[in-house]
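Given next are the chains, with one letter for each unit.
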Amino acid sequence: MRVFIIDTNNMDPELQRGLIGVEGSTNPAAAEKQECVEIVSRYVMDGWAVAADPSSPIGWLAALTAEAACVPFVNLARLAREEPTPVPTRV
């Protein structure tokens, strides 16, 4: 399992404490699942938001942990499918 700490200083107010991204194997062992819940729980207790792909087993556990702690959850799978917003160019 990998955990990414994402700087959120310039993001929405609900993400100001921090954002952790969680990624894991497609077939996690019980130890990896336990590690996921323990790590995510530690951060959400401090009010951190969570980002993961809930279609993966580890992402699903991270999403459930975020929901139980009432912190924001960013669905990375949905973000990946969305069209990027065009950036206006100056002429």
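Everything discussed here concerns the structure shown above.
A brief look at the structure comes next.

Thresholds applied
- Residues numbered from 1 in each chain as written.
- Predicted model: local features only at pLDDT ≥ 70, side-chain atom pairs only at ≥ 80, totals over all residues.
- Heavy atoms only, no water.
- Salt bridge = Lys/Arg side-chain N within 4 Å of Asp/Glu carboxyl O.
- Helix = DSSP H or I, 4+ residues; strand = E, 2+ residues; numbered from the N terminus.
- Core = buried A, V, L, I, M, F, W, Y, C linked by side-chain atoms within 4.5 Å.
- Buried < 20%, exposed > 50% of the residue type's maximum accessible area, 1.4 Å probe, protein only.
- Contact = heavy atoms within 4.5 Å.
- Expected span 1.5 Å × (residues − 1).

## Some remarks on the pattern of salt bridges
Then, number 1: Under the definition given, this model contains 1 salt bridge.
Then, number 2: Arg2 serves as the salt-bridge partner of Glu23, at 1.9 Å between the closest nitrogen and oxygen. Residue Glu23 is found in strand β2 (residues 19-23), and its partner Arg2 is found in strand β1 (residues 2-6); the two are separated by 21 residues along the sequence.

## Considering the nonpolar core
Then, number 1: With 13 residues, the main nonpolar core has Ile20, Val22, Cys36, Val40, Val50 and Ala62 as its most contacted residues.
Then, number 2: Taken together, the elements giving at least two residues each to this core come down to β2, α1 (30-44), β3 (49-52) and α2 (57-69).
Then, number 3: Looking at this core, the element that brings in the most residues is α2, giving 4 residues.
Then, number 4: The contacts of Cys36, once residues within four sequence positions are left out, are Met1, Val22, Ile58, Leu61 and Ala62.

## Remarks on α2
Then, number 1: For α2, with 13 residues, the first-to-last C-alpha span of 19 Å sits near the 18 Å given by 1.5 Å per residue.
Then, number 2: Among the residues of α2, those classed as buried are Ile58, Gly59, Leu61, Ala62, Ala63, Thr65 and Ala66.
Then, number 3: Those residues of α2 that are buried are in contact with β2, α1, β3 and β4 (73-75).
Then, number 4: Looking one or two residues beyond α2, the residue adopting positive phi is Cys70, at roughly 60 degrees.

## Let's talk about the environment of Val50
Then, number 1: Tracing the chain through its elements places Val50 in strand β3.
Then, number 2: Taking the relative accessible area as the measure of exposure, Val50 reaches 0% and is therefore buried.
Then, number 3: Between the C-alpha atom of Val50 and that of Glu67, which follows or precedes it by 17 residues, the distance is 9.5 Å.
Then, number 4: Discounting chain neighbours no more than four positions away, the residues touching Val50 are Leu19, Ile20, Val40, Val44, Ala62, Ala66, Val71, Pro72, Phe73 and Val74.

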